[in-house]
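Structure at a glance
Spelled out, the chains give:
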Amino acid sequence: MLRKILKWLGILVLALLVAVAIYWAMHPRAVGNMIRVMGKPVTDVSVFTPTEAVKGCPGPALAAAPEGTLPAATFAAMRDWSNKHGGVGLVVLVNGQIAGEEYSQGMTAQSPFQSNSMHKSVVAMLMGAALADGIVQSADDPVGKYIPALKNDPRGRITLRQLLSMTSGLKNPSLAKMESPAVEIMLGNTSAAALSLPIETRPGIFNYNNANLQLAGTALANAVQRAGKGRYADYLSQKVWCPLGNHDGQLWLEFAGGQPRFFAYLNASLRDWARVGELLRRGGEWNGQQLIPASWIAAITAPSPANPNYGMGIWRGSPWNRERRYSKEVSMTVPQHEAFLADDVFYFDGFGGQRVYVVPSAGLVIVRAGEPVKDWDESALVNLALRGLVRPSGK
């Protein structure tokens, strides 16, 4: 009997090894990246290769806020909550000045971290610069105008606005089920996989899909290159990164010379992300220069018709959503135990609790980095800050 059990176990192990070998042969780049990247600390950006630098122009450090701007007890409560939930870094700006800052051992103000999907918000913001420069004609342009492979394809009629607002109707393959296109988009030949997806539903229905931002970013990058402005990294550096005084950022490329993964992995420090959040809070203005049109900032933070909690590449805090869901294919939800104490909360959402929160009415920007946890609460950090800064009313 024991021999039979051992025999069948051996057959199962052999079958599993064969299946793994076949999958690896079909997705060599994706599997190699999976082995190298998955499970690594959020503070380790050395695992990403190949990469491309977003050149920075480090300027004066962010000024410290006047003592008492954010009570010490308030920041301590925010820090303790973040640390309890896997936090490795926390920066709070009030009116553009640092009111609180804390890092785990080994992290500094210049340490980059894995930002995950926060890159989506930057793609949406940079699209506004391209519109102002005439590099992109309209957010309602069909994507086929900028991606030759879609020019004569029905999917080419999907608009840039629909991609940015996650309403393209494209099929969203399941990463949880290890479906090939999902694995390739996340870790392999990203652009080719995104271009392989068929239309599943009519455009106009919200469904969070990494392929949407990969295609929107590819369209933007192609338009930038056609205009003689270099690569996406060059344009991001010129229009946003350098004017803000940021240090170098890091983009993870799908392969050497290929496109960045526009849906994620613009890795930078918490202070650099704080400046990006502050740019959003100021309506696209920085040191007297309008880097992004104010009208475009208003457009990407406004509720989309399909989802009041999402604009274009940016999440919205109002109305209160107790269990925010990304897509019909993803069972994971993000709990929010109470309504935000301000109606104008916007945020960049990176997997695992990477966040940039912006509250214009309170002059508040919060940047937080940490390891993934199951008991996240979307409103916790913002409401702790708001309770310390102002006396909430009507809530």
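Quick note: structure is the one above.
Throughout what follows, the structure given in this document is the object of discussion.

Rules of the game
Residues numbered from 1 in each chain as written. Predicted model: local features only at pLDDT ≥ 70, side-chain atom pairs only at ≥ 80, totals over all residues. Heavy atoms only, no water. Buried < 20%, exposed > 50% of the residue type's maximum accessible area, 1.4 Å probe, protein only. Helix = DSSP H or I, 4+ residues; strand = E, 2+ residues; numbered from the N terminus. Pairing = 2+ DSSP bridges. Phe/Tyr/Trp six-rings, centres within 6.5 Å; stacked < 30°, edge-to-face > 60°. Lys NZ or Arg CZ within 6 Å of the ring centre and 35° of its normal. 1 Å grid on protein atoms, 1.4 Å probe; cavity = no way out; pocket = protein on both sides within 12 Å on 5 of 7 lines; lining within 4 Å. Points joined across faces, edges and corners; volume = space filled by probe spheres on them. Nonpolar A, V, L, I, M, F, W, Y, C, P; charged D, E, K, R; others polar. Disulfide = S-S within 2.5 Å. Expected span 1.5 Å × (residues − 1).

**Side note on the pairing of strand S1 (residues 51–54)**
Side chains on a regular strand alternate between the two faces of the sheet. Only one face of S1 is buried, namely the one carrying Glu52 and Val54, since none of Thr51 and Ala53 on the opposite face is buried. In this structure, S1 lies alongside strand S5 (residues 249–252), joined through four bridges in antiparallel fashion. Residue pairing for S5: Val54 is matched across the bridge by Gly249.

**As for the packing of aromatic side chains**
Across all of its chains, the model carries 17 aromatic pairs by this definition. With centroids separated by 5.1 Å and ring planes inclined at 70 degrees, the aromatic side chains of Trp81 and Trp376 adopt a geometry described as edge-to-face. Remark: Trp376 occurs in the loop between strand S14 (364–370) and helix H12 (380–389) and Trp81 occurs in helix H3 (residues 72–84); sequence separation between them is 295 residues. Both residues of the pair, Trp81 and Trp376, count as buried. Relative to Trp315, the ring of Tyr310 has its centre 4.7 Å away and its plane inclined at 75 degrees; by these criteria the two rings are edge-to-face. Each member of the pair, Tyr310 together with Trp315, is buried. What links up through ring pairs into an aromatic cluster is the set Phe206, Tyr208, Tyr310, Trp315 and Tyr326. Its end group placed over the ring of Trp252, Arg261 keeps NZ or CZ at 4.1 Å from the ring centre.

**What about the layout of surface pockets?**
If you add up the space inside the largest pocket, you get close to 1300 Å³. Lining the largest pocket are 45 residues, and of these Leu175, Met186, Met332, Phe351 and Gly352 lie nearest its centre. Only helix H6 (180–187), helix H8 (210–226), strand S11 (333–335), strand S12 (346–350) and strand S13 (354–359) provide two or more residues apiece to the lining of the largest pocket. Lining the second largest pocket we find 15 residues, and of these Arg161, Ser165, Thr167, Ser304 and Pro305 sit closest to its centre. A per-class count over the lining of the second largest pocket returns six nonpolar, seven polar and two charged.

**Notes on the state of the cysteines**
As used in these notes, a disulfide is a covalent bond between sulfur atoms, one from each of two cysteines. Tallied over the full model, the rule gives one disulfide. Between the sulfur of Cys57 and that of Cys242 lies a disulfide, 1.8 Å long from S to S. Across the S-S bond linking Cys57 and Cys242, the dihedral sits near 65 degrees, which makes this disulfide right-handed. Placement of Cys57 in the loop between S1 and H3 and of Cys242 in helix H9 (residues 232–244) is noted, with a sequence separation of 185 residues between them.

**Quick word on helix H10 (residues 270–281)**
Along its 12 residues, H10 runs 16 Å from first to last C-alpha, staying within 8% of the 16 Å computed at 1.5 Å per residue. Among the 12 residues in H10, 12 count as buried, and that is most of the element. Listed in full, the buried residues belonging to H10 are Leu270, Arg271, Asp272, Trp273, Ala274, Arg275, Val276, Gly277, Glu278, Leu279, Leu280 and Arg281. Downstream of H10 by one or two residues, Gly283 has phi in the positive range, about 70 degrees.

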